[in-house]
Amino acid sequence: MTSVNSQVIFITGGAHGIGAEAARRLHARGAKLVLTDLDAAALSAIADELGGEEHVLTVVANVCDLSAMESAAEAAVKKFGGIDVVVANAGIASYGSVLQVDPKAFQRVIDVNLVGVFNTVRATLPAVIGRKGYVLIVSSLAAFAAAPGMSPYDASKAGVEHLAHALRLEVAGHGVTVGSAHMSWIDTALVRDSKADLPSFTELLAKLPWPLNKTTSVDACADAFVKGIEQRKRRVYCPGWVAWFRWLKPLLSTPVGEGAVTRTAKEILPRMDAEVAALGRSTSSYNAKFDKP
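A brief report on the enclosed structure follows. Note that the structure is a prediction, hence the values are computed from the model and not measured.

## Re the pairing of strand 6 (residues 177-183)
When you tally the buried positions in strand 6, you get 6 out of 7 residues, the bulk of the element. Two strands pair when backbone bridges link them, and strand 5 (residues 134-138) and strand 6 are joined in this way by 5 bridges, in the parallel orientation. From the neighbouring strand, V135 faces strand 6, where its bridge partner is V178. For the handedness criterion, the β-α-β arrangement of strand 5, helix 5 (residues 151-171) and strand 6 is classed as right-handed. Here strand 6 runs beside strand 9 (residues 235-238); their pairing, made up of 4 bridges, is parallel.

So, in structure tokens, the structure goes:
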């Protein structure tokens, strides 16, 4: 196990949810934090909560903008001397089936969840190599098991899983380790907003087969992330049963594996698409604020 005391840990999406909770735990263990997000007010609040500028650097930056991420990495190195760990955590989701989702929302999810991870890694990797550090790329259970109505999210999370695998092979010779994190439904704003906006989403979640219908706390997920960082894990699962689905993946895309979800989607997806159309947006109201080019 590697102590994170005095290590510099760079977290995207660090102002809310899993990123913020992981930051709190890492700060308590003596880590120096670099937190990026688009929400300036929330970044300021968590910096104040964690004791200000001595151990926390906050940077308002869009992961879709490589130059912004490069500037954030440069600021981290300037302030703390290097970067030991990167957690590519920033992510969003969209609403609606392939037939209904706004194409711009589809593109936005891919840009944040996949291109944003590349930008984060590309910008920070030279500093991480210098410290023989660790990169944790946040994927999802969605990389193993697709969910109807979430095709861009599913595609992006499958993509970053393979990005993590390729990166691991590329940087092993530099002494850098790479992990991917895979979570089921976590009680973050992403899930809560989906439930609030789309009654059909709540129904869909309830009708998924066990244990896919279970939601896990942000605290439990943050604990798993911190343990993964400390142990430089190749894979982080939350809850632990998500690991089963890595091995079940070939079965899940067969008629047998898809049967129950296909029947549920046939019943619920038309209503979900109608709700998305009535809502007038294909993402949460919070994320819509940041959808400007």
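## Section: the sheet that holds strand 9
Strand order in this open sheet of 7 strands is 3-2-1-4-5-6-9, and the pairing throughout is parallel. Only two strands of the sheet have a single neighbouring strand rather than two, namely strand 3 (56-60) and strand 9. Pairs of neighbouring strands in the sheet enclose a mean axial angle of 15°, with direction left out of account. Here strand 2 (residues 32-37) runs beside strand 3; their pairing, made up of 5 bridges, is parallel.

## Some thoughts on the packing of aromatic side chains
Summed over all chains, the structure comprises 4 aromatic pairs. Centroid distance W210 to W244: 6.4 Å. Interplanar angle 55°. Geometry classified as tilted. Of this pair, W210 sits in the loop between helix 7 (199-207) and strand 8 (215-216) while W244 sits in helix 9 (residues 242-252); the two residues are 34 residues apart in sequence, bridging distant segments of the chain. Judged by its relative accessible area of 58%, W210 falls in the exposed class.

## Thoughts on the environment of S139
Checked against the element boundaries, S139 lands in the loop between strand 5 and helix 5. Overall, S139 belongs to the buried group, its relative accessible area being 0%. Through-space distance from the C-alpha of S139 to that of V160 is 6.0 Å; in sequence the pair is 21 residues apart. Not counting residues up to four positions away in its chain, the partners in contact with S139 are K157, V160, E161, A181, H182 and M183.

## As for a nonpolar patch on the surface
There is a patch of nonpolar side chains on the surface, built from W210, W244, L248, L251 and V256 and spanning about 570 Å² of accessible area. In terms of residue count, helix 9 provides more of the nonpolar patch than any other element does, 3 residues in total.

So, how was this worked out
Sequence order as written defines the numbering, with residues in each chain counted from 1. With pLDDT at 70 or above as the cut-off, local features in this predicted model cover only qualifying residues; side-chain atom pairs require 80 or more to be listed or tallied, and sums for whole chains, interfaces and linings still use all residues. Water and hydrogen atoms were dropped before computing side-chain values, which therefore reflect all heavy atoms in the structure. Whether a residue is buried, partly exposed or exposed follows from its accessible area with a 1.4 Å probe, protein chains only, as a fraction of its type maximum: under 20%, in between, or over 50%, in that order. In this text, helices come from DSSP runs of H or I with a minimum length of four residues, and strands from runs of E with a minimum of two, each type numbered from the N-terminal end. For two strands to be treated as a pair, DSSP must find at least two bridges joining them. A clockwise course of the path from the first strand over the helix to the second, judged with the strands pointing away from the viewer, identifies a crossover as right-handed. Convention adopted: a line fitted to C-alpha atoms gives each axis, helices being fitted over their contacting stretch, and angles between N-to-C directions are expressed from 0 to 180 degrees. Stacked, tilted and edge-to-face are the three classes applied to pairs of Phe, Tyr and Trp rings, where Trp contributes its six-membered ring and a pair requires centres within 6.5 Å; stacked means planes under 30 degrees apart, edge-to-face means over 60, and tilted covers the rest. Two residues qualify as a contact provided that any one of their heavy atoms is within 4.5 Å of a heavy atom in the partner residue. Like charges within 9 Å and nonpolar side chains (Val, Leu, Ile, Met, Phe, Trp, Tyr) within 5 Å are joined into patches, using only residues over 30% in relative accessible area that form no salt bridge. Here the accessible surface of atoms and residues is derived via Shrake-Rupley with a 1.4 Å probe, and residues count as covered only by protein chains that are part of the display. Each salt bridge in this description consists of a side-chain nitrogen of Lys or Arg and a carboxyl oxygen of Asp or Glu lying within 4 Å of one another.

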